[in-house]
Amino acid sequence: MSTPPLSSYPALRMRRLRQADWIRRLVRETTLQPSDLIWSMVVHEGEGRIPVGAMPGVERLSVAEAARAAREARALGVPAIAVFPYIDGEKKDARGSEATNPEGLVCRAVKAMKDAAPEVGIMCDVALDPFTDHGHDGLIEAGRILNDASVERLVEQSLVQAEAGCDIIAPSDMMDGRVAAIRSALEAAGFQDVMIMAYAAKYASAFYGPYREAIGSAKALQGDKKTYQMDLGNTHEALREVALDIAEGADMVMVKPGMPYLDIVRRVVEAFAMPTFAFQVSGEYAMLMAAARNGWLEEERAILESLSAFKRAGCAGVITYFAPRAARLLGA
Ligand code: PBG
């Protein structure tokens, strides 16, 4: 009688390494930590905190509350905050003039947060949509988004943000050529240490819905963003977009949305070995919270599992509205 091979069942048992928590922890390949999180935060001009209906647990913060939140991020070990503004309707126009107001909401929030907690990195979105009365990320003429004229506005916006003390400029507009234009302008203006995280592969997605409520652009948006954001069926195009943004000077790249696009994350990580981030967007947040509020998901486990998926896919980190909550759950 021959002895059964030791490399197959029953001698080989995959469950051996799952039998207790200590050994599961020991062989775990990827882990989630507060240092993997960028806190996605919405600020507003008024006082206090205003709940966002479609995002239970998310509130728009006043500038003073944002400063407090920056100290909270520091205490929780969350390295960075991404700021998004809710701009009052009367300040919006076709050019998004308020985007380049050095005394505007974003600049005031950045200054207040950097004063409160200089050790926390601040990232600003570069795009005109919170500031335009048509809700698009660029300038429009006769119903068409103008690429090059939009890039000029985005460069101005980036410089104003850098001047305010922003550490990471994050162009989310998907205009062609904007990363190069922003990098050159930052260099020329002496902002050589200001980083660029390009929303490199950003898809035209239904999952941004609740964000538009959060920043107050839902009613404004005319049409869709399909002439500049990527088509959801494409993968090769994502690699070309990322390659271009790297060639144009991006320090870090991002894939957006997150969980429905983890295949793209993986391809980008493998192809470029760049610090790659994913944005767990508003709709992903809303889905998880809606199911949890209905008792259909275990809320805390689902939050951490969703964030861990980004690490497993190869992300350096994830931009998420869950950041403070997750950091607390991780026992910071
Ligand atoms: C603006 C921008 C959007 C998001 C981040 N920056 C919306 C959009 O492109 O329509 C989405 C964030 C989210 O859904 O959480 N360019």
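The structure under discussion appears in the preceding block.
Residues numbered from 1 in each chain as written. Predicted model: local features only at pLDDT ≥ 70, side-chain atom pairs only at ≥ 80, totals over all residues. Heavy atoms only, no water.

> Sorry if this is basic, but what is going on with a nonpolar patch on the surface here?
Side chains of Leu 17, Trp 22, Leu 26 and Val 27 sit close together on the surface and give an oily, nonpolar patch of about 450 Å² of accessible area. Relative to the helices and strands, Leu 26 resides in helix H1 (residues 21-27). (Patch = residues over 30% accessible without salt bridge, like charges linked within 9 Å, V, L, I, M, F, W, Y side chains within 5 Å. Areas by Shrake-Rupley, 256 points an atom, 1.4 Å probe, with all protein chains shown as cover. Salt bridge = Lys/Arg side-chain N within 4 Å of Asp/Glu carboxyl O. Helix = DSSP H or I, 4+ residues; strand = E, 2+ residues; numbered from the N terminus.)

> Looking at this structure, how should I read the packing of aromatic side chains?
How two aromatic rings sit relative to each other is set out by the distance from centre to centre and by the angle between their planes. Under the criterion given, the structure shown has seven aromatic pairs. Ring pairing ties together the aromatic residues Phe 84, Tyr 199, Tyr 211, Phe 279, Tyr 285, Tyr 321 and Phe 322, which thus form one cluster. One cation-aromatic arrangement involves Lys 256 over Tyr 208; the distance from NZ or CZ to the ring centre is 4.5 Å. Stacked on the ring of Phe 279, the Lys or Arg Lys 256 has its end atom at 4.9 Å from the ring centre. (Phe/Tyr/Trp six-rings, centres within 6.5 Å; stacked < 30°, edge-to-face > 60°. Lys NZ or Arg CZ within 6 Å of the ring centre and 35° of its normal.)

> It is not clear to me how the environment of Glu 163 should be interpreted in this structure. Could you clarify?
Along the chain, Glu 163 turns up in helix H4 (residues 147-164). Taking the relative accessible area as the measure of exposure, Glu 163 reaches 61% and is therefore exposed. (Buried < 20%, exposed > 50% of the residue type's maximum accessible area, 1.4 Å probe, protein only.)

> Just checking my understanding: could you explain the pattern of salt bridges for this structure?
Pairing between side chains of opposite charge can happen when their charged atoms approach one another. By the definition in use, this model includes 20 salt bridges. Here Glu 298 makes a salt bridge to Arg 301, at a shortest N to O gap of 3.2 Å. The residue Glu 299 makes a salt bridge to Arg 325 at a minimum N-O spacing of 2.7 Å. Of this pair, Glu 299 sits in helix H10 (residues 299-313) while Arg 325 sits in helix H11 (residues 323-329), placing them 26 residues apart in sequence. Using a relative accessible area of 26% as the deciding quantity, one classes Arg 325 as partly exposed. Taken together, the salt bridges that share partners define one network made up of Arg 49, Glu 59, Glu 65 and Arg 68.

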